Amino acid sequence: MVRVVRDEAEVFEVFGAQTSNEQVYEAQIQDFVSPVVQGLNLAVIAIGASGSGKSFTLSGSASELGVIHYFVESLLSTLNNTLENEPGVAIKHTLRMQLIEIVNEEITDLLTKSKRPVTIEPDEWETITIQGADRRIISSAEQFAELHSIAVQNKTNAATEFGNLSHKAATILTLDLIQTIESSTDTQVLVSKVTFVECPGIEVLAQSPETVRLKQGPTLNQAVLALQDVVRDVAMGKSVNASSEASVFTRALSEVLGGNTIGIAVFNFQCDDHQGSGANIKLLKQFQRIVNFPIANDNRAICLLHKYRRESINLRKIIYGAGGETVEEYQSKICLLYTSDAADDMQCVDLGGRR
């Protein structure tokens, strides 16, 4: 006897198999080009079982462009129109791309097809950055399409006893946009990051993590297992420090899940895949509970982020050095810290507008 379990989830929109990538882009992603130009971060995450269409949705095929291409074309068009329609204002922008693949906890730079030492750390703008992988300046949609095509060809096609490694792989495309806006009275810097993420196949999530690791080793599926843990913790409002550190993949996404980013999750389903669809719906429900906090990343906000980072470091020092202090002495130290940093805060905001 076969027991059929029905599960449901509410979503913003459902697209059929005949829907084009352009229609998906126009319905769910196009409206976020303007916020990116205004300095906000954006992430589009494709999730689903192996073979469900994640790569096709993001990157397209020989006969159809992916949503990534439509986004880059719209972004460059919007930036060029802004340059032409702002009299009395000098605007300069730089758009760079980076594309990596993570397989078995190893990072490959798909623009150069090389494995190299990579660190994941905050950059000068206080955003998590993949350091060590190549970045290319993009000036046209055609140039991007050419580089992206080369990168896609460099994706892994190896196989093991557990199947094609592409099913275990995650890819992360990062677009960094830096804009300098100068007028007669002010200079503003806007920094935006756009991240397109193709997750590994989530069908293994239908099994327990212990079973997966026992059958296929401790690291082959670590990216998707860690993603499940991070999504669960963020959805429940828990600290994600431990779960995000479990994989290179989730460390790279620390700003995307519960951080300073507008997030769009695109879940891909395929017919008759009951196991993959069940895991997909379970993850979808957890994603719906995630709350992100996007802000415009201008030089004023960045200055404040530096200030709060200093404050956080100082608070940790106070906590670790509190020793046998009384609660009153501990609270007094925190009050003094806030008082001493208040003046720095005002100076920081004031200077931010003139840099």
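Predicted model only: the values in this text are computed from it and were never measured. Here the residue index of a chain counts from 1 through its sequence in written order. Since the coordinates come from a predicted model, pLDDT governs what is reported: local features require at least 70, and pairs of side-chain atoms require 80 or more to be given and counted, while whole-chain, interface and lining totals use all residues. Only hydrogens and water are removed before side-chain values are computed, so all heavy atoms of the structure are retained for them.

Some thoughts on the overall build of the chain
For step 1, the next point in the chain: Runs of E in the DSSP output that reach at least two residues are strands. Runs of H or I that reach at least four are helices, and both are numbered from the N terminus. Summing up its helical and strand segments, the chain has twelve helices and twelve strands in all.
For step 2, the next point in the chain: Three exposure classes are used, based on accessible area relative to the maximum for each residue type with a 1.4 Å probe and protein chains only: buried under 20%, partly exposed in between, and exposed over 50%. Taking all 355 residues of the chain together, 44% fall into the buried category.
For step 3, the next point in the chain: Summarising the internal contacts of the chain: among those between residues at least 6 apart in sequence, 70% fall at separations of at least 24.
For step 4, the next point in the chain: Only carbon and sulfur atoms are counted for the fraction: they give 52% of the accessible area of the chain, which is about 18600 Å². Residues are treated as being in contact if the distance between any of their heavy atoms lies within 4.5 Å. Shrake-Rupley sampling with a 1.4 Å probe provides the accessible areas, and residues are treated as covered by the protein chains on show and by no other component.

As for the packing of helix α7 (residues 222-235) against helix α10 (residues 274-287)
For step 1, the next point in the chain: Only the stretch in contact is used when fitting a helix axis, every axis being a line fitted to C-alpha atoms; angles between N-to-C directions are given from 0 to 180 degrees. Closest axis-to-axis distance for the α7/α10 pair is 8 Å, and the angle between their directions is 35°. As for how α7 packs across α10, the hand of that crossing is left-handed. In this structure, α7 contributes Gln228, Val231, Arg232 and Ala235 to the contact, and α10 contributes Leu283, Gln286 and Phe287.
For step 2, the next point in the chain: Of the residues that constitute the contact of α7 with α10, the class distribution is four nonpolar, two polar and one charged. The crossing is said to be left-handed when, going from far helix to near helix, the turn is anticlockwise and less than a right angle, and right-handed when the turn is clockwise. By the convention adopted, Pro, Cys, Tyr, Trp, Phe, Met, Ile, Leu, Val and Ala count as nonpolar, Lys, Arg, Asp and Glu as charged, and the other residues, Gly among them, as polar.

Notes on the packing of helix α6 (residues 209-216) against α7
For step 1, the next point in the chain: Where α6 meets α7, the closest approach of the two axes is 11 Å, and the angle between their N-to-C directions is 170°. Here α6 lies roughly antiparallel to α7, going by the angle between them. For the pair α6 and α7, contact is made by Pro209, Val212 and Arg213 and by Gln222, Leu225 and Gln228, respectively.
For step 2, the next point in the chain: Split by residue class, the contact of α6 with α7 holds three nonpolar, two polar and one charged. Each angle is binned into one of four classes, with values under 35 degrees roughly parallel, values over 145 roughly antiparallel, values of 65 to 115 roughly perpendicular, and all other values oblique.

What about the environment of Ser192?
For step 1, the next point in the chain: Structurally, Ser192 is set in strand β11 (residues 187-198).
For step 2, the next point in the chain: Using a relative accessible area of 1% as the deciding quantity, one classes Ser192 as buried.
For step 3, the next point in the chain: Here the alpha-carbon distance between Ser192 and Val36, two residues 156 residues apart in the chain, equals 6.0 Å.
For step 4, the next point in the chain: For this analysis, a polar contact is any N or O atom pair within 3.5 Å, provided that within protein one partner can donate a hydrogen and the other can accept it, and provided that sequence-adjacent residues contribute only side-chain to side-chain pairs. A polar atom in the side chain of Ser192 sits 2.6 Å from the backbone oxygen of Val36.

Regarding the pairing of strand β10 (residues 170-182)
For step 1, the next point in the chain: In this analysis, strands are considered paired if DSSP registers two or more bridges between them. The sheet contact formed by strand β2 (residues 90-103) and β10 spans 13 bridges and is antiparallel. Across the sheet, the residue bridging to Lys92 is Thr180, located in β10.
For step 2, the next point in the chain: Of the strand pairs in this sheet, β10 and β11 are connected by twelve bridges, and their pairing is antiparallel. Considered in β11, the bridge of Thr174 is made with Thr195.

With respect to the pattern of salt bridges
For step 1, the next point in the chain: Here, a salt bridge means any Lys or Arg side-chain nitrogen found within 4 Å of an Asp or Glu carboxyl oxygen. Inspection of the entire model under this criterion finds six salt bridges.
For step 2, the next point in the chain: Taking the shortest distance from any N to any O, the salt bridge between Asp176 and Arg135 comes out at 3.2 Å. Pair noted here: Asp176 is in strand β10 and Arg135 is in the loop between β6 (128-131) and β7 (136-137), with a separation of 41 residues, a long-range link.
For step 3, the next point in the chain: According to the relative accessible area criterion, Asp176 is buried, its value standing at 11%.
For step 4, the next point in the chain: A residue is classified by how much of its surface remains accessible, and Arg135, at 23% relative accessible area, is partly exposed.
For step 5, the next point in the chain: As a salt-bridge pair, Arg232 and Asp229 come within 3.2 Å of each other at their nearest N and O atoms. Here Arg232 and its partner Asp229 are both found in helix α7, three residues apart, which amounts to about one turn of the helix.
For step 6, the next point in the chain: Assessed through its relative accessible area of 33%, Arg232 is described here as partly exposed.
For step 7, the next point in the chain: Accessibility expressed as a relative area gives 22% for Asp229, which makes it partly exposed.

So, the pairing of β11
For step 1, the next point in the chain: Burial runs high along β11: eleven of the twelve residues are buried.
For step 2, the next point in the chain: As defined by bridge partners, strand β1 (residues 42-48) adjoins β11 across five bridges and the pair is classed as parallel. Residue Leu42 lies in a different strand from β11, and its bridge partner there is Val194.
For step 3, the next point in the chain: The turn linking β10 back onto β11 is made up of four residues.

Digging into the confidence of the model for the chain
For step 1, the next point in the chain: Within the chain, residue pLDDT values average 82, and 77% of them lie at 70 or more.
For step 2, the next point in the chain: One confidence number per residue, pLDDT, is output by the predictor and ranges from 0 to 100. Counting contacts from residues 1-6, a segment whose pLDDT is below 50, to residues more than four positions away or on other chains yields zero contacts.
For step 3, the next point in the chain: With pLDDT under 50 throughout, residues 341-355 is counted as low confidence; its partners more than four residues away or in other chains account for 20 contacts.

Observations regarding the environment of Leu283
For step 1, the next point in the chain: Within the secondary structure, Leu283 is located in helix α10.
For step 2, the next point in the chain: Given a relative accessible area of 2%, Leu283 falls into the buried group.
For step 3, the next point in the chain: Considered as a pair, Leu283 and Leu227 are 56 residues apart in the sequence and their alpha carbons are 9.6 Å apart.
For step 4, the next point in the chain: Among all residues touching Leu283, those that are not within four sequence positions of it are Ile47, Ile202, Leu205, Gln228, Val231 and Phe267.

Notes on the packing of aromatic side chains
For step 1, the next point in the chain: Whether two aromatic rings pair depends on their centres lying within 6.5 Å, for rings of Phe, Tyr and Trp, where Trp uses its six-membered ring; planes under 30 degrees apart make the pair stacked, over 60 edge-to-face, and the rest tilted. Taken as a whole and judged by the stated rule, the model has three aromatic pairs.
For step 2, the next point in the chain: Residues Phe71 and Phe196 carry aromatic rings whose centres are separated by 5.6 Å and whose planes lie at 70° to one another, so their mutual orientation is edge-to-face. Note that Phe71 is positioned in helix α4 (residues 67-84) and Phe196 in strand β11, a separation of 125 residues in sequence.
For step 3, the next point in the chain: Here Phe71 falls in the buried class, since its relative accessible area comes to 0%.

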